[in-house]
Amino acid sequence: MEATSSELSAPESGLKSKIGRLFSRVPIIGWLFGALVAVILEQIVGMPLALALGLPKIPVLFGFVTVLKKPMLVPSTMLFVLLIYFLPIVIIARLSLEPANRLAEKLINFSMEGSVLIHLVLLYAILHIWAEVSDYRLLILKFTLIAIMVTVSLNVINGYMGEFSCSHPGFMALGAYTASVFTVSLFVNDSLFGQALLPSFLGPFLFPLGLILGGCVASLGALLVAIPSFKTRGDYLAIISLAFLFIVKSLIENLEFVGGPRGLSSQPDWANLPIVFAWTVACIWIINNFVRSTLGKALNAVRDEETAANAMTVNTRRTKMVAFMFAAFWAGVAGGLFAHVLRYVNPTTFGIQKLAEVLAMVYFGGLNSVYGSIVGAVSLSILGEALRPLELFKWIVIPLLLILVMIFRPTGLIAFKEFNVKKLIRPKQSPGKEV
Amino acid sequence: MSLLQVEKMTHYFGGLRAVHNYDIHIEPGQIRGLIGPNGAGKTTIFNLITGIHQPTEGVVSLEGKNLVGLQPYQIASAGLGRTFQNLLLWRHMSVLDHVIMAQYSRMTYGLVGAFFGTAKRKRQETEAEEKAYRLLELVGISGLANQNVLNLPYGDQRRVEMARALAMEPKILFLDEPTAGMNPEELLQMMEIIRQVHKEFGLAILLIEHRLKLVMELCEEIQTLVFGEVIAEGTPEEIQNNPKVIDAYLGKEAID
C-alpha cells in the first residue's frame, strides 16, 4: 500500500519513487510470503535475538507497548522489529517479485475462489504462527478480529446507509448473552442452569448454531428499533438506538437468571483462533457481497437522495430495515464470539464506552468502505493496546486523534473505496514483461 | 381506456389549494405538455400522481389500476417513470450505478443472492449493466459511465436523470423541466433525445416545460395551468392563440 502512495508522489523525490517502483509491483501473495517468513523467523530466533539485544522477551506488539512502558528499551526494540519483521518482509517481497507474480497469475487463471482460499490460508498461517508466541498476542488478535466484524457491520448502517446508530453494543450484548446461555445451559454443568443437557462432544458442532441464534436475537432487537425509527429520516434513529442500548444494559442487569450485574461466566472454550478467523472472513465476505450488489447500493441511494430512490422503484423503508437487521445480526455474532473468547460477560462491557470505541473505529477507518473499517478496527485495536500504560489518558489521546482525522479527512482514512478482492490479489505485472 | 387517467384530483397544502379538479387522460404513445407560470402547481401534480404527496381528493389510475394511496416505489414499479426538476441524483454514485439502480425492481435474486453472490445475481447484474450502457449510449454519455455523477456538467446530469428514468422501463414518462438550465445547443440535443426515446420505446410522455418552443414542437396536446386549475387545453396552435394563456404568461396588456 505504501508503495503505491509513494509512487503517486514520484516527481518530488527520486529515491522515494525508486523504492516505490521497486515495491509497487509486488503482489499481495509476495507480501504474505514475506510476512510468513518473518513470523517463522521470530519463532526460531526471536527469543535468543531478544535476549541478545537486552530485551526481557520478544516484543509482543511490534514494540508499541514498550515505547510507553520502558522508553529505555526503545532502540533495541526497534532493532528487533527491523531485523525480524521489516527486513525479511521487504527482502522476501522483493526477491519473490517474479515468481510471486507468476504464481498470482496462475492462481487467478486457475480459479478465483481457489486463489482467494490460498491467500486466506496463508494469512491464517501468518496470524497463527504470530499468535503462538504469547497468549496475550492471541487474545489481542481475537479481539481485533471481533472488532473488525463489529466495525464493518456498523459501517453498513452509519456509512453505507448514512443513519447514525448507537445500539451496536446492545446488539453485541444480545448476541453474547444468547450464545452464552445456549452453550452454558446445554453443555456445561453450571450453578445457574444446572446439569448439561447434551454431551459435550456435540458442542463445537452446535457452537455456530448458538452464534447464529445470538445474531438472530440481535436482529429481532434491531427490528424493535427499526419499526419506530425508520418511519422518518433524521436524528430519530440516533436517539432511539441510544435508548435501546441502555434498555438492553439495564434489562440484563436485572435478569437474575443470567447472573444480573455479576455477569455470566464458564462459557466453554470454543472460540479458538480458526473459528474466530473463519467467522470474520465470512462476515467480511457476506457484507462486502451485499454492499456491492444493487440491493446493497440501494442503501447509498437512500442515503444520498431518498425521494429519488423511492421514485426509482426502491422500497426504501424495507431496504433500511433489512440492512439494519443484517448489521445487527453480525454484531450479535461478534458478541457471541466475544463472550466465548473472554469466557465471561457482564452488562457493563456493552456500555457507552464500547459504543465510543466502535464508533471511533468506523469514523477513523472511513465511511462507506469495508476496507476502511478493517483498517480502522485494526489500527485502533493496536493503538488501544499500545496506549494501555497511559490508563485513563488513553481516552484523551484516541479522541484527539479522531478529531485530527475528522479535520483532515472528514469521512475517515479510506472512505468510499470499494473492497474488490479480485483487484487485491491479482498480479501486479504480467509475467515476462520487463519494466 | 386510457393509459393514465386522472380525474378531479385536488390537493391542499394546509389551507392552500395547490391543485383543483385536475383531469388528464393520456393514451399510450402520446406526448402531452403541461405549461404554466411558476407556482402554478405543475410539479405538485407530478408529485401527486407519483405518490410523493397524496391527493386530498380524486382518482388516479394507470392501466385501470388505482394509484392513490400507493407508495412512490409501488407506483414507479407499476410503470411510471419520472425525472426531477431539481436534479435528485445520488452524489456518491457513478453514472453507471445510477442507471443500474433504477432497475432495482427487476433484481429478483433476493437477499440470498446479495449475500452469497449466486449465479443468478451475476447474470442479472450483468444484464442490468449491459442495459445501462445501452441507455447511456442512447442519451449520449456512455463515455462518462464510470464518472461520479457530480463531476458531470449540468446538461449531462440531466441526461443521467433521463437514462435513469428510462431504465425503469416505464410505460409513461414524466419529464419535469428536462431542459432547465441548458444552453440552446443542449436544448436541441435533449429534444432529439426525447423524440428518439418516444419513437424507440413507444412511451407516453407528460412534459412540464417553461420553454414554449420545446413544448410546441413536441407535444400533441397541451394543458395550461394557472393557480392549480387548467385554464386552457388544446393543440399547440390553439394554446398559442388562446387569450387566457397569453394573459397568464404575458399579462393583460399584451392582448389589448
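Here the structure is a predicted model, which is why all the values come from computation and not from measurement.

Caption draft 1: Quick look at the interface of chain A and chain B. Contacts between the two partners involve 25 residues from chain A and, on the opposite side, 31 residues from chain B. If you list the elements that add at least two residues to the side of chain A that touches chain B, you get α12 (273-292), α13 (294-304), α14 (306-311) and α15 (316-342) of chain A. If you tally residues by element for the side of chain A that touches chain B, the top one is α13 of chain A, at eight residues.

Caption draft 2: The arrangement of the sheet that holds strand β7 (residues 172-176) of chain B in detail. Residue and element names in this part refer to chain B. Strand order in this open sheet of six strands is β6-β7-β8-β3-β9-β10, and the pairing throughout is mixed. The sheet is open, and its two borders are formed by β6 (80-82) and β10 (229-234), each paired with just one other strand. Across the sheet, the mean angle separating the axes of adjacent strands is 20° when strand polarity is ignored. Pairing geometry for β6 and β7, over three bridges, is parallel. The partner of R82 across the bridge, within β7, is F174.

Caption draft 3: A look at the domain arrangement of chain A. Residues and elements named next belong to chain A. Splitting chain A by domain gives domain 1 (2-95) and domain 2 (135-422). Relative placement of domain 1 and domain 2: their C-alpha centres are 32 Å apart. The residue inventory of the side of domain 1 that touches domain 2, partitioned by class, reads six nonpolar, no polar and one charged.

Caption draft 4: Representation of the pairing of strand β3 (residues 31-35) of chain B within the structure. Residues and elements named next belong to chain B. For β3, the tally of buried residues reaches five of five residues, placing the bulk of the element in the interior. Of the two faces of β3, the one carrying I31, G33 and I35 and the one carrying R32 and L34 are both buried. Summarising the sheet, β3 and strand β8 (residues 204-208) pair through four bridges and their orientation is parallel. Bridge pairing in β8 links L34 to I208. As judged from the four bridges shared by β3 and strand β9 (residues 221-226), these two strands associate in the parallel manner. Counterpart to R32 in the pairing with β9 is E221.

Caption draft 5: Expanded view of unusual backbone geometry. The residue N368 of chain A is not glycine, and still its phi comes out positive at about 55°. For N368 of chain A, the location among the structural elements is in the loop between α16 (352-365) and α17 (370-386). Accessibility expressed as a C-beta count within 10 Å gives 26 for N368 of chain A, which makes it buried. Backbone geometry at E169 of chain B places phi at a positive 50°, although glycine is not the residue there. Relative to the helices and strands, E169 of chain B is located in the loop between α6 (154-167) and β7. With 16 C-beta atoms packed within 10 Å, E169 of chain B lands in the partly exposed category.

Caption draft 6: How the structure looks around the nonpolar core. Judged by nonpolar contacts, the single largest core of 168 residues is most densely connected at I146, M149, M312, A327, A334 and L337 of chain A together with L207 of chain B. The next biggest cluster of nonpolar side chains, apart from the first, holds 23 residues, and it includes A35, A104, W130 and I425 of chain A.

Caption draft 7: Region of the structure containing helix α5 (residues 74-95) of chain A. All names here are of chain A. In this model α5 runs 30 Å from its N-terminal to its C-terminal C-alpha over 22 residues, within 8% of the 32 Å that 1.5 Å per residue would give. The largest bend in α5 amounts to roughly 40° and is located at L82. Among all positions of α5, only T77, F80, I84, Y85, P88, I89, I92 and A93 are buried.

Caption draft 8: Quick look at the packing of helix α9 (residues 168-187) of chain A against helix α10 (residues 203-229) of chain A. All names here are of chain A. Two elements in contact, α9 and α10, have axes separated by 8 Å at closest approach and are oriented at 145°. Judged by the sense of rotation from one axis to the other, the crossing of α9 with α10 is right-handed. Contacts between α9 and α10 involve G170, F171, L174, G175, A176, T178, A179, F182, T183 and F187 on the former and, on the latter, G203, F207, G210, L211, L213, G214, G215, V217, A218, G221 and A222. For the contact of α9 with α10, the per-class residue count stands at 12 nonpolar, nine polar and no charged.

Caption draft 9: Spatial organisation of the confidence of the model for chain A. Residues and elements named next belong to chain A. Residue-level pLDDT values for chain A average 88, and 95% of them are 70 or greater. The element-level mean pLDDT for chain A is lowest in helix α1 (residues 2-8), coming to 41, with α12 highest at 96. pLDDT under 50 marks residues 1-12. Its contacts with residues more than four places away, or in other chains, come to 15 contacts. Low pLDDT, under 50, characterises residues 431-435; the predicted model gives this stretch three contacts beyond four residues in sequence or across chains.

Reading the values: rules and limits
- Residues numbered from 1 in each chain as written.
- Chains lettered and ligands numbered in written order.
- Predicted model: local features only at pLDDT ≥ 70, side-chain atom pairs only at ≥ 80, totals over all residues.
- Contact = placed C-beta atoms within 7 Å.
- Helix = DSSP H or I, 4+ residues; strand = E, 2+ residues; numbered from the N terminus.
- Pairing = 2+ DSSP bridges.
- Axes fitted to C-alpha atoms, helices over the stretch in contact; angles between N-to-C directions.
- Domains from an automatic or database assignment.
- Nonpolar A, V, L, I, M, F, W, Y, C, P; charged D, E, K, R; others polar.
- Buried ≥ 20, exposed ≤ 12 C-beta atoms within 10 Å, placed from the backbone.
- Core = buried A, V, L, I, M, F, W, Y, C linked by C-beta atoms within 7 Å.
- Expected span 1.5 Å × (residues − 1).
- Bend = angle between axes of the 7 residues up to and from the residue.
- Left-handed = near helix turned anticlockwise from the far one by under 90°.
- pLDDT = per-residue confidence, 0-100.

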